[in-house]
Amino acid sequence: MLTDPQFDRTRRLASLLAGIELVERHRELLSRRSRRLGIRDAAGLDTLLGAAEAGDAQARRTFLSLLTTKFTEFFRHPAHFAIAAAHARGVVARAGRARLWSAAAATGEEPYSLAIAIVEAFGNCEPPVEVVATDIDREALAVAERGEYAEAAVRAPGPERRARYFEACGEPGRCRITDTIRRLVTIRPLNLIDAEWPVEGPFDVIFCRNVLMYLEAGRRAEAVRRMASLLAPDGLFMLDPVEDPGATGALFAASAPGVFSRRPAARLRLGCSGAAEGRF
Ligand SMILES: C[S@@+](CC[C@H](N)C(=O)[O-])C[C@H]1O[C@@H](n2cnc3c(N)ncnc32)[C@H](O)[C@@H]1O
């Protein structure tokens, strides 16, 4: 179990590096994760914390991997993918191309589900659509880059999609996303609290599901405001169905659970700040 001084250092680093807010109940979780990462004792954790505090890049990556929750799955909340793909079709019909962003892509299941839904909605393998996939955790993005998953993970898309969009990867019990789907997805690291984001808008759809809840309230609101400013005027902002934009709610109008449209620019300029920022 993390000692009090270790937990304090971990909290400070989590806030500094990722804007993540840790509370007491995370202490046990972090202890389990550090054991899984091969950190066997207090001295091992002190070494990691010391190196991360000193700015060592690899130590910081390991620390972020320890810190972040990467639970995800293919077609998590399936309706969202159908809505996003239908929206992309409308945009392409009007403007010729569409761009979507999965802003907490974790190990890739979400952006690849989006790419599959798009291929199906367009009925061809080369739709004029780009899916940008970003995450703070480079280890998770390396998994997304490889695009290899356990057979159990690809059950959710169903047997037909398994057969069509995944192929053998030479390892028993695992398979790989096909190049057809892979090439629609651009993967790059992005920390939602960084001043510079290596992505350019506008996006027609932004998925930001199951990440804002980990961020400190002010960071959350700021990230949502920036994402809203990168949305096309009729763009969609997707949260998990149980999430809502909270204090930044004035920026959006809800159209289904977890699905929000950007309000017109006049409302956007109002922004939202201050006292109401209890949630996000
Ligand atoms: C629970 S996963 C969500 C995956 C997917 N969006 C979904 O809903 O299934 C949360 C992801 O947020 C990422 N994350 C946490 N803090 C972040 C930050 N400051 N910037 C970017 N990504 C962050 C984590 O690395 C993790 O992959």
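Residue positions are given per chain, counting from 1 as you read along its sequence in written order. The predicted origin of the model limits local features to residues at a pLDDT of at least 70 and limits the giving and counting of side-chain atom pairs to 80 or more, whereas totals for whole chains, interfaces and linings rest on all residues. Working from all heavy atoms in the structure, the side-chain values ignore hydrogens and water.

A. Representation of the overall build of the protein in the model. In terms of helices and strands, the protein carries 11 helices and 10 strands. Since a compact globule built from 280 residues should have a radius of gyration of about 19 Å, the 19 Å found for the protein is in line with a globular shape. C-alpha atoms of the protein, sized along the principal axes, occupy 60 × 55 × 30 Å. Every one of the 280 residues in the protein was classed for burial, and the buried ones make up 51%. In the protein, the share of contacts with a sequence separation of at least 24, taken over all contacts with a separation of at least 6, comes to 72%. Where accessible areas are quoted, they stem from the Shrake-Rupley method and a 1.4 Å probe; at the residue level, only the protein chains shown are allowed to cover. Summed over its atoms, the accessible surface of the protein is roughly 12800 Å², and 52% of this surface lies on carbon and sulfur atoms. Numbering of helices and strands runs from the N terminus, with a helix taken as a DSSP run of H or I at least four residues long and a strand as a DSSP run of E at least two residues long. Throughout, radius of gyration means the C-alpha value; the globule benchmark is 2.2 Å times the number of residues raised to the power 0.38. Summary of the burial criterion: residues with accessible area below 20% of their type's maximum are buried, those above 50% are exposed, and those between are partly exposed, where the area comes from a 1.4 Å probe applied to protein chains only. Any two residues whose heavy atoms approach within 4.5 Å are treated as being in contact.

B. Examining the side chain of Arg76 more closely. Structurally, Arg76 can be placed in the loop between α4 (57-67) and α5 (78-95). With no salt bridge to any partner, buried Arg76 finds its closest opposite charge in Asp240, at an N-O distance of 4.4 Å. Of the polar contacts made by the side chain of Arg76, one reaches the backbone oxygen of Phe71; its length is 3.2 Å. Once residues within four sequence positions are removed from consideration, Arg76 is found in contact with Phe71, Phe81, Arg209, Asn210 and Asp240. The positive count covers Lys and Arg only, the negative count covers Asp and Glu only, and His and the chain ends enter neither. We count a salt bridge whenever a side-chain nitrogen from Lys or Arg sits within 4 Å of a carboxyl oxygen from Asp or Glu. Pairing of N or O atoms within 3.5 Å defines a polar contact, subject to two protein rules: one partner must be a possible hydrogen donor and the other a possible acceptor, and residues neighboring in sequence count only if both atoms are side-chain atoms.

C. Structural context of the packing of aromatic side chains. In this analysis, rings of Phe, Tyr and Trp, with Trp reduced to its six-membered ring, are considered paired at centre separations within 6.5 Å, and the interplanar angle assigns stacked below 30 degrees, edge-to-face beyond 60, and tilted for intermediate values. Counting across every chain of the model gives 9 aromatic pairs. Judged by centre distance (5.4 Å) and plane angle (35 degrees), the ring pair of Phe81 and Phe207 falls under tilted. In this pair, Phe81 is assigned in helix α5 and Phe207 in strand β7 (residues 203-207), connecting sequence segments 126 residues apart. Seen from their ring centres, Tyr112 and Tyr149 are 6.4 Å apart, and the 80 degrees between their planes marks the pair as edge-to-face. Of this pair, Tyr112 sits in helix α6 (residues 109-122) while Tyr149 sits in strand β3 (residues 148-150), placing them 37 residues apart in sequence. Take Tyr112 and Tyr149: they sit in the same class, and that class is buried. Grouped by ring-pair contacts, the aromatic residues Phe74, Tyr112, Tyr149 and Phe166 constitute a single cluster. Geometrically, a lysine NZ or arginine CZ counts as sitting over a ring once it is within 6 Å of the ring centre and also within 35 degrees of the ring normal. In this structure, Arg161 is placed above the aromatic ring of Phe75, and the distance from its NZ or CZ to the ring centre is 4.0 Å. Looking at Arg226, its charged tip hangs above the ring of Trp197, at a distance of 3.9 Å from the centre.

D. Spotlight on the sheet that holds strand β9 (residues 252-256). Should DSSP find at least two bridges between two strands, the strands are regarded as paired. The 7 strands are arranged β6-β2-β1-β7-β8-β10-β9 in an open sheet whose pairing can be described as mixed. Each edge of the open sheet carries a strand with a single partner, namely β6 (185-189) and β9. Each strand of the sheet is rotated relative to its neighbour by a mean of 20 degrees, with strand direction disregarded. Where strand β1 (residues 98-102) lies against β7, 3 bridges are found, and the strand directions are parallel. Paired with Trp101 across the strands is Ile206, a residue of β7. Here an axis means a line fitted to C-alpha atoms, over the contact stretch when the element is a helix, while the angle between two N-to-C directions is reported on a 0 to 180 degree scale. Those strands touched by helix α10 (residues 217-229) are β1, β7, β8 (231-238), β9 and β10 (259-262), and its axis lies near 140 degrees from that of β8.

E. Broad picture of the site of the ligand. By convention in this text, a residue qualifies as near a molecule or strand provided that one of its non-hydrogen atoms is within 4 Å of it. Taken together, 21 residues form the shell around the ligand, and within it Thr72, Arg76, Ala104, Asp135 and Asn210 come nearest. Contact distances for the ligand include 3.1 Å between a nitrogen atom and a backbone N or O atom of Ala18. In the model, an oxygen atom of the ligand is placed 2.9 Å from a nitrogen or oxygen of the Asn210 side chain. Here the ligand has 600 Å² of accessible area as a free molecule, and 99% of this is covered by the chains. Using only the protein atoms, space was sampled on a 1 Å grid; points where a 1.4 Å probe fits but cannot get out form cavities, open sets with protein on both sides within 12 Å along at least five of seven lines form pockets, and lining residues are those with an atom within 4 Å of a point. Molecules are considered to sit inside a cavity or pocket once more than half of their atoms lie within 2 Å of its grid points. Judged by the fraction of its atoms near the pocket grid, the ligand is located in the largest pocket. Under the convention adopted here, Pro, Cys and the residues Ala, Val, Leu, Ile, Met, Phe, Trp and Tyr are nonpolar, Asp, Glu, Lys and Arg are charged, and Gly plus all remaining residues are polar. Partitioned by chemical class, the residues of the shell around the ligand number 10 nonpolar, 5 polar and 6 charged.

F. Quick look at the nonpolar core. In this description, a nonpolar core means a group of buried Ala, Val, Leu, Ile, Met, Phe, Trp, Tyr and Cys residues linked to one another through side-chain atoms lying within 4.5 Å. If you look at the biggest cluster of nonpolar residues, it comprises 45 residues, and the most contacted ones within it are Leu67, Trp101, Met227 and Phe237. Of all the elements in the fold, those that place two or more residues in this core are α1 (4-18), α3 (42-53), α4, β7, α10 and β8. Residue ranges labeled as domains rest on an automatic or database domain assignment. Looking at this core, you find at least three residues from each of domain 1 (4-67) and domain 2 (78-276). Core analysis: the second largest hydrophobic core is formed by 39 residues, Ala115, Ile116, Ile177 and Phe207 among them.

G. Region of the structure containing the packing of α1 against α4. Two numbers describe how α1 lies on α4: the axes approach to 11 Å, and their chain directions differ by 100 degrees. As summarised for this structure, α1 and α4 are arranged roughly perpendicular, according to the angle between their axes. Counted together, Thr10, Leu13, Ala14, Leu16, Leu17 and Ala18 of α1 and Arg60, Phe63, Leu64 and Leu67 of α4 form the full contact between these two elements. A breakdown of the residues in the contact of α1 with α4 according to their chemical character gives 8 nonpolar, 1 polar and 1 charged. Orientation is classified from the angle alone, with under 35 degrees giving roughly parallel, over 145 giving roughly antiparallel, 65 to 115 giving roughly perpendicular, and any other angle giving oblique.

What is shown is where atoms sit, not what they do.
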